[in-house]
Amino acid sequence: MTILILAEHDNAILKPATLNTVTAAAKIGGDIHVLVAGKGAQGVAEAASKIVGVSKVLLVDDAAYEHALAEPLAAFLVEIGRNYSHILAPATSVGKNVLPRVAALLDVAAVSDITGVVSEDIFERPIYAGNAIATVQSRDGVKVVTVRTTAFEAAGPGGSAPVETVSATGNPGLSSFVSAELSKSERPELTSARIVISGGRGMQSGDNFHLLEAIADKLGAAVGASRAAVDAGFVPNDYQVGQTGKIVAPELYIAVGISGAIQHLAGMKDSKVIVAINKDEEAAIFQVADYGLVTDLFKALPELAEAL
Amino acid sequence: MKILVPVKRVIDYNVKILLKADGTGVETANVKMSMNPFDEIAVEEAVRLKEAGKATEIVAVSVGPSGCQETLRTALAMGADRAILVQTDTETQPLAVAKILKALVDKEGPTLVILGKQAIDDDCNQTGQMLAALLGWGQGTFASDVALGDGSVTVIREIDGGLETVELKLPAIVTADLRLNEPRYASLPNIMKAKKKPLETVTPAALGVDVAPRLTTLKVVEPAKRKAGVKVPDVATLVDKLKNEARVI
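In this text, all values refer to a predicted model and were calculated from it rather than measured experimentally.

1. A short note on the overall build of chain A
Of regular secondary structure, chain A possesses 8 helices and 16 strands. A globule of 308 residues ought to have a C-alpha radius of gyration of about 19 Å, and chain A, at 20 Å, matches this closely. When its C-alpha atoms are laid out on the principal axes, chain A stretches across 60 × 40 × 40 Å. For chain A, buried positions account for 59% of its 308 residues. In chain A, the share of contacts with a sequence separation of at least 24, taken over all contacts with a separation of at least 6, comes to 64%. As displayed, chain A offers around 11,300 Å² of accessible surface, 47% of which is attributable to carbon and sulfur atoms.

2. Observations concerning the nonpolar core
Grouped together as the largest cluster of nonpolar side chains are 56 residues, with contacts concentrated most on Leu35(A), Leu77(A) and Val86(B). When residues of this core are assigned to their parent elements, the largest contribution, 9 residues, is made by helix α3 (residues 94-108) of chain B. Those residues within four positions of Leu77(A) in sequence are excluded, and the remaining contacts are Leu4(A), Leu6(A), Leu35(A), Arg82(A), Ile87(A), Val98(A), Leu99(A) and Val102(A). Counting residues in hydrophobic clusters, the runner-up holds 42 residues, among them Val153(B), Leu168(B), Ala172(B) and Leu180(B).

3. Quick notes on the UniProt feature "domain: Electron transfer flavoprotein alpha/beta-subunit N-terminal" (unreviewed entry) in chain A
Per the UniProt record, the feature "domain: Electron transfer flavoprotein alpha/beta-subunit N-terminal" (unreviewed entry) sits at residues 3-181 of chain A. In residues 3-181 of chain A, the share of helix is 25% and the share of strand is 34%. The end C-alpha atoms are 33 Å apart.

4. Observations regarding the state of the cysteines
Residue and element names in this part refer to chain B. Under the counting rule described, the total for this entry stands at 0 disulfides over all chains. You can see Cys-68 has no disulfide; the closest cysteine sulfur is in Cys-124, sitting 16 Å from it. A relative accessible area of 11% means that Cys-124 is categorised as buried.

5. Notes on the interface of chain B and chain A
The interface is formed by 69 residues belonging to chain B together with 84 residues belonging to chain A. For the pairing of chain B and chain A, the buried interface totals around 6,300 Å² over both sides, and the portion due to carbon and sulfur atoms is 56%. Counting across the chain B and chain A interface gives 4 salt bridges. Asp140(A) is the salt-bridge partner of Arg214(B), the closest N and O atoms lying 3.1 Å from each other. In this structure, the connection of chain B to chain A is made through 43 residue pairs in polar contact (both at pLDDT 80 or more). Looking at the side of chain B that touches chain A, the elements with two or more residues in it are α3, α4 (127-135), β7 (138-148), β8 (152-159), β9 (162-169), β12 (215-221), β13 (230-232) and α6 (235-244) of chain B.

6. A look at the domain arrangement of chain A
Residue and element names in this part refer to chain A. Considered domain by domain, chain A is made up of domain 1 (2-165) and domain 2 (190-307). On the domain 2 side, the residues contacting the 6 residues of domain 1 number 8 residues. Both faces combined, the contact of domain 1 with domain 2 buries some 630 Å², and carbon together with sulfur accounts for 56% of it. On inspection of domain 1 and its partner domain 2, the count reaches 0 salt bridges. Where domain 1 packs against domain 2, one counts 0 residue pairs in polar contact (both at pLDDT 80 or more).

7. As for the packing of helix α8 (residues 297-307) of chain A against α6(B)
At their nearest, the axes of α8(A) and α6(B) sit 9 Å apart, and the two run at 45° to each other. In terms of axis orientation, α8(A) runs oblique to α6(B). The two elements α8(A) and α6(B) cross, and the hand of that crossing is right-handed. Contacts between α8(A) and α6(B) involve Ala300(A), Glu303(A), Leu304(A) and Ala307(A) from the first element and Val235(B), Val239(B) and Lys243(B) from the second. Of the residues in the contact of α8(A) with α6(B), the class split is 5 nonpolar, no polar and 2 charged.

8. What about the sheet that holds strand β6 (residues 116-119) of chain A?
Pairing between the strands of a sheet comes from backbone hydrogen bonds, and it takes one of two forms, parallel or antiparallel. Reading across the sheet, the 4 strands line up as β6(A)-β7(A)-β8(A)-β12(B) and stay open at both edges, with antiparallel pairing between neighbours. Every interior strand has two partners, whereas the edge strands, β6 of chain A together with β12 of chain B, have only one. Sheet twist, expressed as the average angle between the axes of neighbouring strands with direction ignored, equals 30°. Across 6 bridges, the pairing between strand β7 (residues 122-127) of chain A and strand β8 (residues 132-138) of chain A is antiparallel. Note on β8(A): the bridge partner recorded for Arg125(A) is Ala134(A).

9. Topic: the pattern of salt bridges
Residue and element names in this part refer to chain B. Under the criterion given, the structure shown has 29 salt bridges over all chains. Residue Glu-57 pairs with Lys-2 through a salt bridge whose shortest N-O separation is 4.0 Å. Placement of the pair is Glu-57 in strand β4 (residues 57-64) and Lys-2 in strand β1 (residues 2-6), with a sequence separation of 55 residues. According to the relative accessible area criterion, Glu-57 is partly exposed, its value standing at 22%. Here Arg-184 makes a salt bridge to Glu-51, at a shortest N to O gap of 2.8 Å. Here Arg-184, found in the loop between β10 (172-176) and α5 (188-194), pairs with Glu-51, found in helix α1 (residues 37-51); they are 133 residues apart in sequence, far enough to count as distant. Looking at Arg-184, the relative accessible area reads 29%, which means it is partly exposed.

10. Quick notes on the packing of helix α5 (residues 209-219) of chain A against α8(A)
Residues and elements named next belong to chain A. Running from amino to carboxyl end, α5 crosses α8 at an angle of 25°, the nearest separation of the two axes being 9 Å. One finds that α5 runs roughly parallel with respect to α8. Once α5 is placed against α8, the crossing between them reads as left-handed. Each of Leu-211, Leu-212, Ile-215 and Lys-218 in α5 lies in contact with α8, whose residues at this interface are Phe-298, Leu-301, Pro-302, Leu-304 and Ala-305. When the residues that make up the contact of α5 with α8 are grouped by side-chain class, the tally is 8 nonpolar, no polar and 1 charged.

About the criteria used
Residues numbered from 1 in each chain as written. Chains lettered and ligands numbered in written order. Predicted model: local features only at pLDDT ≥ 70, side-chain atom pairs only at ≥ 80, totals over all residues. Heavy atoms only, no water. Helix = DSSP H or I, 4+ residues; strand = E, 2+ residues; numbered from the N terminus. Rg over C-alpha atoms; globule rule 2.2 N^0.38 Å. Buried < 20%, exposed > 50% of the residue type's maximum accessible area, 1.4 Å probe, protein only. Contact = heavy atoms within 4.5 Å. Areas by Shrake-Rupley, 256 points an atom, 1.4 Å probe, with all protein chains shown as cover. Core = buried A, V, L, I, M, F, W, Y, C linked by side-chain atoms within 4.5 Å. UniProt positions renumbered as here; feature names shortened; annotations may be inferred. Disulfide = S-S within 2.5 Å. Buried area = accessible area lost by both parts, 1.4 Å probe. Salt bridge = Lys/Arg side-chain N within 4 Å of Asp/Glu carboxyl O. Polar contact = N/O pair within 3.5 Å; in protein donor to acceptor, adjacent residues only side chain to side chain. Domains from an automatic or database assignment. Axes fitted to C-alpha atoms, helices over the stretch in contact; angles between N-to-C directions. Parallel < 35°, antiparallel > 145°, perpendicular 65-115°, else oblique. Left-handed = near helix turned anticlockwise from the far one by under 90°. Nonpolar A, V, L, I, M, F, W, Y, C, P; charged D, E, K, R; others polar. Pairing = 2+ DSSP bridges.

Below, the structure is given as C-alpha cells:
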C-alpha cells in the first residue's frame, strides 16, 4: 500500500498544509510519496524530502504546473496515481479544485475534507457545516481524499527521502493562468497561525480592523473576519473564517464583535482556546467561548493591546 | 448559446438539522427544503448572462426524488427557460450526479455549465470538477466573476491567498462562490409563469447511468460539543487567564 500526497506550495516554499496531510497519511499506513508539481520547485522537493515519514519525493518540473491549474495537474496525477492505493491532498483551494477531477478521471469516488482516519478505507468527515460527522467507507481501488489540515498535527522534520524527477505529461490546453492578486501580509497565514484574532460586524468599519491588527502584531497572530464583516465590505474575502471561508483551529482564537452564527462556528469551533469579546451577552459565540468578555469592543481592544 | 444549471434540493440553510436516532443520517422528513444557496447564485449568474444578451437559453436540471420539481420551479421562476428532473430515490453521490449531467450535456449541447461550488448538506465540493473531468472541459471553480469572451470565458477565482484569474476555452464549467452575485427573489408573476414552463422528467437508467453509491455511510453522529466557559469581568482578568490558566500567550 503506497500513498501519494500532492504537495501544497508556491514553487518556492512548501506550505505547512502538506505536513498535516502527511500525518493523515501516516494514520492510514503504508509508504508515503510526496508529489511536488511546479516550475522551478526543486527547493520545495528538498523541503518535502525532510518530512519525517516520507519515503520518496517525486518532482515534476514543468511550466504546465506552475500555477497548479486543475486540468494539466489532474491529467498528470491520473497517469501516476493509478499505481497508488490512495491519493491525498490538503483541502485547500488547490486540493479541492484538483482532486475531484482526478477521482472522476479514475472513475472513483472522492472523499472530501476528512477529519479522521478509522482505517485504510474508512474516514470521518464533517457534513452540514460540521453539525454532523459522517463515517464513510470507500471500496474503490484508489481512494482519493482531501484532508482537513486542522484535524491533524503537522508532521515534523527528520526525514531524508530521495527526490526522483519524473517527466511531465503535457498540458491539455483547456485553461490558462492570467493573473493572481494575493493579499500581502507580514502576518502569519490564517490557516496555520498559532493565534487568530477575528472581527465581525461589530467592528463597524474596515478602518477599525487596525484595532485588531495592533493586537495581532503583539501576539504574532493572523487576522480573520466573519462572513458578515466580509459581506459588509470591511475586509477582503480571504479573511473569512467559516463554513464558506477558511477552517481554522489555532491554539487561541479571539472573536471580536462576532455574534457566532453557525456558519462562523463551523470554521473555528475546533480551536483549542476561544475568547469572545462582544457587548451582547446573549450572543451565541459565548456558548462556545472558554473566556467571554461582555463589553464594548472599542473600549476592550485598546486596553488589550496595552496589556499585552 | 445555451447554459445548463444543475440545482440541488437541500435542507434549508436556516433549519437546525436533526440526526436520525439510529445514527444512519440526517432527518429529512417534514423538514423545510430549499435550493442549495450556491446553486441559487449559479442560476442568478445564468439569468444575468441571458439578460445581457450573451445566452439564449437556460436549462435547469435537478437529480433526486419528485420533490426536486419544487426546486426546479424556483429556478424557472428566477428566469430559467425549462427544466429537466432526473428522477431517482437512490442517494446520488457527486460522481453519479456528474455522470448524469454529462449524459444531459451530450444531449443538450450547452456552451457553459454553471454549478454551485458545494452543496450545504454533504459539503462535498466535487460535482463541478467531476463533470469537467468527464467532459474533458476546463473548470473555473469558486468563481467570483465570470466574463464571457469569444470562444473563451475569463473567471476570477477565490483562492486561499486572494484571487486568481484564469481563462478557459469554451465549452467550460464554472462553479459559483458566494460573492459572484446576489440572487434575486422570484416575483409573484414570475412564480406564476414558472408553473407553465416545461419540466421534463427522465430517469438515470434512460440516460444509461449507474447511480449506485460508491461510498457507504457507516454512521452519522453529532460532533463533540464545546462547553461554554466562564465570563471574565475585565481585560486584565482575561489576560491573566490566558497567561496563567490557558497558557496560550
